[in-house]
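A closer look at the structure
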Amino acid sequence: MLGVLFAAVFLYANSPHISPDSNTPRPDFKHTAIELRTAAGTSHRFDVEVARNQSEQSYGLMYVKDMPDDAGMLFLFPEPNRLTFWMKNTYIPLDILFLDSEGRIINIAENTQPLSTDMITSASPGKGVLELKGGTAAKLGLRPGDRVIHPSLSP
């Protein structure tokens, strides 16, 4: 019986439809530098927060009302999987870059709709996601195949 209860709680906690409310304290995200490198050879540096665990990943950029142009959030997952995100309780449009295990961009969801519960999914199994301020991907000319350089995503 305890095993069934644990399984039910685990499934509930991992549901994409469960999210912290505005009274939940924002996690103390670790910051790291990343580099975006395009196929054309241009390079762009960003200071990003890293969502290191399920609790931080569930919180993400919810309730953030502004973000510098050179900031973002990096989500890292233990195994490649089909990744699904939404914009519930997220007040700013984001560009969501889905990444493979080597940091290559799989696909980009540009200027996602704030506060939407529509599911945004990777085109193939991914190991990471980089969220940037909406419009950044177009401004920098980012395309699938470009790379995010970070020690957790290596060729």
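This write-up is about the structure you can find in this document. (Residues numbered from 1 in each chain as written. Predicted model: local features only at pLDDT ≥ 70, side-chain atom pairs only at ≥ 80, totals over all residues. Heavy atoms only, no water.)

1. Some remarks on the packing of aromatic side chains
- Under the counting rule described, the total for this entry stands at five aromatic pairs.
- Ring plane angle 65° and centroid distance 6.0 Å describe the contact between Tyr63 and Tyr91, whose orientation is recorded as edge-to-face. Of this pair, Tyr63 sits in the loop between helix H2 (54-59) and strand S3 (71-81) while Tyr91 sits in the loop between strand S4 (84-85) and strand S5 (94-99), placing them 28 residues apart in sequence.
- Seen in terms of ring centroids, Phe77 and Phe85 are 6.5 Å apart; in terms of plane orientation they differ by 80°. Their pairing is edge-to-face. (Phe/Tyr/Trp six-rings, centres within 6.5 Å; stacked < 30°, edge-to-face > 60°. Helix = DSSP H or I, 4+ residues; strand = E, 2+ residues; numbered from the N terminus.)

2. Some points on the pattern of salt bridges
- Evaluated as defined, the whole model comprises seven salt bridges.
- Arg52 is the partner of Glu56 in a salt bridge, and the nearest nitrogen-oxygen pair spans 2.9 Å.
- Judged by its relative accessible area of 7%, Glu56 is buried.
- Classification of Arg52 by relative accessible area gives partly exposed; the value is 45%.
- Members of the salt-bridge network, linked through shared partners, are Asp66, Asp69 and Lys133. (Salt bridge = Lys/Arg side-chain N within 4 Å of Asp/Glu carboxyl O. Buried < 20%, exposed > 50% of the residue type's maximum accessible area, 1.4 Å probe, protein only.)

3. Notes on the sheet that holds strand S6 (residues 105-109)
- Read from one edge to the other, the open sheet built from seven strands follows the order S6-S5-S8-S3-S2-S1-S9, with strand pairing classed as mixed. The sheet is open, and its two borders are formed by S6 and strand S9 (147-149), each paired with just one other strand. Averaged over all pairs of adjacent strands, the angle between strand axes in this sheet comes to 30°, irrespective of strand direction.
- The pairing of strand S2 (residues 43-51) with S3 spans five bridges and is classified as parallel. Residue pairing across strands places Asp47 opposite Ala71, the latter belonging to S3. (Pairing = 2+ DSSP bridges. Axes fitted to C-alpha atoms, helices over the stretch in contact; angles between N-to-C directions.)

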